Amino acid sequence: MGFNCGIVGLPNVGKSTLFNAITAAGAEAANYPFCTIDPNVGVVVVPDSRVEELAKIYLPPKIVPSTIEFVDIAGLVKGASKGEGLGNQFLSHIRDVDAIAHVVRCFDDENVVHVDGSVNPKRDIEVVETELILKDLDTVEKKTAEAEKRAKTGEKKFKADHEFCLRLRSHLLEGRLARYLKIERDDDKLSIRDMHLLTNKPVMYVCNVHEEDVTGSNKYIAQVRDVAQKESAKVVVISAAVEAEVAELPAEERAGFLEGLGLKESGLQQVIREGYDLLHLLTFFTAGPKEVHAWTVRKGATAPETAGVIHSDFEKGFIRAEIMKYDDLIRLKSEQAVKDKGALYIEGRDYLIEDGDIVHFRFNV
């Protein structure tokens, strides 16, 4: 699997419409708050033409592309951190995702009710993020109390842990997200990771617009970009209505439809591309006459760590990695030709996997 992405936002911003379109999972969508009661989960294939090209060379009976799991989570309202609306149920589901796609309404439509009576992206973002911060404060308060008790022993490490909790608490009380806290000590990095804080997850803002604004901008998109710029966050502009139309078309007609709207890729493709970049992910492949398989790993992963993505035994008993570059194999048409050209590389434990690497791991357990 590529990654797990939670789709969040206020009620009636287009979350479920977008989810339905990109996953074809059939989640209910309606013009009233909380039409999504339980998180709807859909798994989609990561579009990657390299998989098909490798399959043309190996002609395997089995092809396994990378996938992404999308989770449509019920709309958030003020007071969710204290149990309002679907409250804690919503917030607990966020803890389980790798990244958050925060859908923000960036269109006017008198037929679609806004939970706060008007369209204001900056306010809407603040409502959601404030509730996440308040929930994280509950978590940090408990951790701070625990750290304070341990610090009374006088041990240096426990005192440092307590100081970090106090610094994190002050940061959140200032209305700032946990992911923007500067952390240098390794123990502090482990501590904040183990807290599973909601505001420590990578976020992209998804501007849901009318079809006529999908290739341009409007005053609402500008508000979102202004917020994102201050946070160094990513922004994707899509139309949930357009995505719904695309989902209903035969695959061979989608590119032409998008081109007619002035788009080079679908909203799904944008979200996936930005999601991979947000989480610093890359794709590598295993390929042979039995199977072509696309795998996802974080950038900077060593060869043994990458082998562990396939199976823990591969990492434990790692001997070496035999690497072909995708472009070399496509150009030379066969593994044998790659070997004959001296383009098959034998790499050890320190090798960092690159995007597009075709890998055969040698191991012994």
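Along every chain, residues carry numbers that run from 1 in the direction the sequence is written. In view of the model being predicted, local features appear only for residues whose pLDDT reaches at least 70, and side-chain atom pairs are presented and counted only at 80 or more, with totals across whole chains, interfaces and linings using the full set of residues. Side-chain descriptors were evaluated using all non-hydrogen atoms of the structure, hydrogens and water having been removed beforehand.

1. Some remarks on the environment of Glu148
Where helices and strands are cited, they refer to DSSP runs of H or I of at least four residues and of E of at least two residues respectively, numbered from the N terminus. For Glu148, the position within the fold is in helix H4 (residues 121-151). Overall, Glu148 belongs to the partly exposed group, its relative accessible area being 40%. For Glu148 and His162, which are 14 residues apart along the polypeptide, the C-alpha to C-alpha distance reads 5.6 Å. Exposed residues in this analysis have more than 50% of their type's maximum accessible area, buried residues have under 20%, and partly exposed residues fall in between, with area computed by a 1.4 Å probe over protein chains only.

2. A word on helix H1 (residues 15-23)
Of all the nine residues making up H1, eight are buried; the element is thus mostly covered by neighbouring parts of the structure. The set of residues buried in H1 consists of Lys15, Ser16, Leu18, Phe19, Asn20, Ala21, Ile22 and Thr23.

3. Details of the nonpolar core
The nonpolar side chains of a soluble globular protein tend to be buried with one another. Put simply, buried Ala, Val, Leu, Ile, Met, Phe, Trp, Tyr and Cys residues joined by side-chain atoms within 4.5 Å make one nonpolar core. Ranked by size, the top nonpolar core spans 57 residues in total, and within it Ile68, Phe70, Ile94, Cys106, Tyr205, Cys207 and Val224 carry the most contacts. The contact criterion used is simple: two residues touch if any of their non-hydrogen atoms lie within 4.5 Å. When residues no more than four places from it in sequence are discounted, the contact partners of Cys106 are Pro121, Cys207, Asn208, Val209, Asn218, Tyr220, Ile221 and Val224. Counting residues in hydrophobic clusters, the runner-up holds 15 residues, among them Ile133, Leu168, Ala178 and Ile183.

4. A closer look at helix H2 (residues 49-58)
Three or more residues of H2 are buried, namely Arg50, Val51, Leu54, Ala55 and Tyr58. On an axial view of H2, the arc spanned by its buried residues comes to 140°, and they lie on one face. For H2, exposure combined with an orientation more than 90 degrees from the buried face picks out Ser49 and Lys56. A positive phi of about 50° marks Leu59, the residue just after H2. The reported arc concerns the directions from the helix axis to the C-beta atoms and nothing else.

5. Observations concerning the sheet that holds strand E1 (residues 4-8)
The pairing criterion is simple: DSSP has to find at least two bridges between the two strands. With mixed pairing, six strands are arranged side by side in an open sheet as E2-E4-E1-E5-E6-E7. Each edge of the open sheet is held by one strand with a lone partner, namely strand E2 (40-45) and strand E7 (234-238). Recorded for the sheet is a direction-independent mean angle of 25° between the axes of neighbouring strands. Where E2 lies against strand E4 (residues 67-72), six bridges are found, and the strand directions are antiparallel. Each bridged residue has a counterpart across the sheet, and for Asn40 the counterpart in E4 is Asp72. The angle between two axes is taken between their N-to-C directions and runs from 0 to 180 degrees, where each axis is a line fitted to C-alpha atoms and a helix contributes only its stretch in contact.

6. Looking at the pairing of E1
Among the five residues that make up E1, five are buried, leaving the element largely enclosed by the rest of the structure. Every second residue of E1 is oriented toward a common face, with Asn4, Gly6 and Val8 on one face and Cys5 and Ile7 on the other, all of them buried.

7. So, the packing of aromatic side chains
Centres within 6.5 Å make a pair out of two Phe, Tyr or Trp rings, where for Trp the six-membered ring is used; the pair is then stacked when the planes are under 30 degrees apart, edge-to-face when over 60, and tilted otherwise. If you walk through the whole model with that rule in mind, you get four aromatic pairs. On the numbers, 5.8 Å between centres and 70° between planes, the contact of Phe3 with Tyr276 is edge-to-face. Pair noted here: Phe3 is in the segment before E1 and Tyr276 is in helix H10 (residues 267-278), with a separation of 273 residues, a long-range link. Exposure remark for Phe3: the relative accessible area of 2% places this residue in the buried category. Judged by relative accessible area, Tyr276 falls into the buried class, the value being 10%. Taking the centre distance of 6.4 Å and the plane angle of 15° together, the rings of Phe284 and Trp295 count as stacked. Of this pair, Phe284 sits in strand E8 (residues 281-287) while Trp295 sits in strand E9 (residues 291-298), and the two are 11 residues apart along the sequence. With a relative accessible area of 0%, Phe284 lands in the buried category.

8. A look at unusual backbone geometry
If you check the backbone angles, Leu59 has positive phi at about 50° while not being a glycine. A relative accessible area of 66% places Leu59 in the exposed class. Even without glycine at this site, His280 takes up a positive phi of about 60°. Within the fold, His280 resides in the loop between H10 and E8.

9. Some remarks on the confidence of the model for the protein
With 90% of its residues at a pLDDT of 70 or more, the protein has an overall mean of 88. How sure the predictor is of each residue is captured by pLDDT, a score from 0 to 100. Between residues 30-37, whose pLDDT stays under 50, and residues either more than four places distant or in other chains, the model counts 24 contacts.

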